[in-house]
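Coordinate analysis (summary)
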Amino acid sequence: MTCPEDTTPDIVRDPTPDTTPDTVPASTTTSRVPAQARVTPRTSRSAGARRVTVAVYAADPVLRVGVVQQLRQRPEVDLLADADADRAQVSLVIVDHVDDDVAALLHRLRHNTATRTGLVVGTLGPGALPRVIECGVAAVLRRAEADQDRLLHLVLAAANGEGVLPGDLLGELLSHVGSLQRSALDPRGVSLSTLTTREADMLRLVSEGLDTAEIARKTAYSERTVKNVLHEIITRLQLRNRAHAVGYALRNGLI
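What comes next concerns the included structure.

About the cut-offs
- Residues numbered from 1 in each chain as written.
- Predicted model: local features only at pLDDT ≥ 70, side-chain atom pairs only at ≥ 80, totals over all residues.
- Heavy atoms only, no water.
- Pairing = 2+ DSSP bridges.
- Helix = DSSP H or I, 4+ residues; strand = E, 2+ residues; numbered from the N terminus.
- Axes fitted to C-alpha atoms, helices over the stretch in contact; angles between N-to-C directions.
- Phe/Tyr/Trp six-rings, centres within 6.5 Å; stacked < 30°, edge-to-face > 60°.
- Lys NZ or Arg CZ within 6 Å of the ring centre and 35° of its normal.
- Expected span 1.5 Å × (residues − 1).
- Buried < 20%, exposed > 50% of the residue type's maximum accessible area, 1.4 Å probe, protein only.
- Arc of directions from axis to C-beta.
- Contact = heavy atoms within 4.5 Å.
- Polar contact = N/O pair within 3.5 Å; in protein donor to acceptor, adjacent residues only side chain to side chain.
- Right-handed = clockwise from strand over helix to strand, strands pointing away.
- Parallel < 35°, antiparallel > 145°, perpendicular 65-115°, else oblique.
- Nonpolar A, V, L, I, M, F, W, Y, C, P; charged D, E, K, R; others polar.

Before going further, it helps to examine the sheet that holds strand β4 (residues 116-121). An order of β2-β1-β3-β4-β5 is seen for the 5 strands of this open sheet, with the pairing classed as parallel. A strand with exactly one partner marks an edge of an open sheet, and here the two such strands are β2 (77-79) and β5 (139-142). Recorded for the sheet is a direction-independent mean angle of 25 degrees between the axes of neighbouring strands. Examined bridge by bridge, strand β1 (residues 52-57) and β2 share 3 bridges and lie parallel to one another. Each bridged residue has a counterpart across the sheet, and for Val-52 the counterpart in β2 is Val-77.

Structure (structure tokens):
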């Protein structure tokens with residue numbers, strides 16, 4: 001009779017400890033499921049986020065490799081091969097300085113509606129910033145400041161159509177914009193900003209009878225630059241040819 005008495009209490013006691021553990025894990029499991037549900041969508045969105053496609057242009061292979069290595073580490077960027085460069089959202093041009101070849105590349109990229117151009121440059125000489133802006137570049141970074149974070153900022157800003165410019169160049173840009181606005185309001189109005197120093201020098205040489213090759217040697221510019229500058233004067237002032245431009249400049253005391 002001792003065995004039945006021992007068995008009965010055992011049966012009575014067993015459900016109590018079994019019920020308590022069953023309740024606790026159920027509560028714990030319920031609290032975990034929403035937490036996992038909240039994490040999963042965020043991971044999915046991050047993995048599916050569209051990256052900015054970037055093409056890198058650099059004549060110097062060392063400069064190219066340095067920039068490519070920095071951007072390759074960033075998940076926000078998708079670097080394209082040269083064969084796919086024309087479909088890049090951002091074209092990143094890395095140069096020592098802006099010369100005629102760089103300007104020609106920037107002009108070509110400007111006509112590609114699929115891309116926006118960012119420039120990483122060693123030095124910007126006098127008059128280089130307006131030239132770059134006129135080529136459609138709105139994002140500029142000095143090469144000495146081009147660490148990984150600033151490069152990424154430049155790429156993302158360019159992709160969004162935003163401007164990036166070193167602070168010390170902002171005044172030069174504002175001055176250039178003001179000059180463009182004055183020209184737009186009164187394109188034939190005579191003022192000190194009607195001709196730049198370079199334009200006035202070249203027109204003066206034209207007035208002295210020099211041809212394109214001779215002007216190029218005198219000014220240390222390429223013949224292509226001389227032609228482009230004179231064409232810009234004629235177009236902007238709505239003149240017919242070089243002779244008309246010289247006569248206009250002489251009449252208005254610009255040369």
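What follows concerns the packing of aromatic side chains. Considering all chains together, one arrives at 0 aromatic pairs under this definition. Above the face of the Tyr-221 ring, Arg-198 is positioned so that its terminal group lies 5.0 Å from the ring centre.

Before going further, it helps to examine helix α3 (residues 61-72). Compared with the 16 Å implied by 1.5 Å per residue over 12 residues, the 16 Å span of α3 between its first and last C-alpha is a close match. Within α3, burial applies to Leu-63, Val-67, Val-68 and Leu-71. Down the axis of α3, the sector holding all buried residues measures 125 degrees, keeping them to one side. Looking at α3, the residues exposed on the side facing more than 90 degrees away from the buried face are Pro-61, Val-62 and Arg-72. Where α3 is buried, its residues meet β1, β2, β3 (90-95) and α6 (148-159). Two or three places before Val-62, at the opening of α3, Asp-60 has a side-chain oxygen 2.9 Å from that residue's backbone nitrogen.

Within the secondary structure layout, Thr-113 lies in the loop between α4 (100-110) and β4. Separated by 27 residues in sequence, Thr-113 and Asp-86 place their C-alpha atoms 9.5 Å apart.

Another point: the pairing of β5. A regular strand places its side chains so that they alternate between the two faces of the sheet. Of the strand pairs in this sheet, β4 and β5 are connected by 4 bridges, and their pairing is parallel. By the bridge assignment for β5, Leu-119 is matched with Val-140. In the classification by handedness, the crossover that spans β4, the intervening helix α5 (residues 128-134) and the parallel β5 is right-handed.

All right, on to the packing of α3 against α6 then. Helix-helix packing: each pair is described by the crossing angle between the helix axes and the interaxial distance. Where α3 meets α6, the closest approach of the two axes is 9 Å, and the angle between their N-to-C directions is 80 degrees. Taken together, the axes of α3 and α6 are roughly perpendicular relative to one another. Contacts between α3 and α6 involve Val-67, Gln-70 and Leu-71 from the former and Gln-148, Leu-151, Leu-152 and Val-155 from the latter. Among the residues forming the contact of α3 with α6, the class breakdown is 5 nonpolar, 2 polar and no charged.

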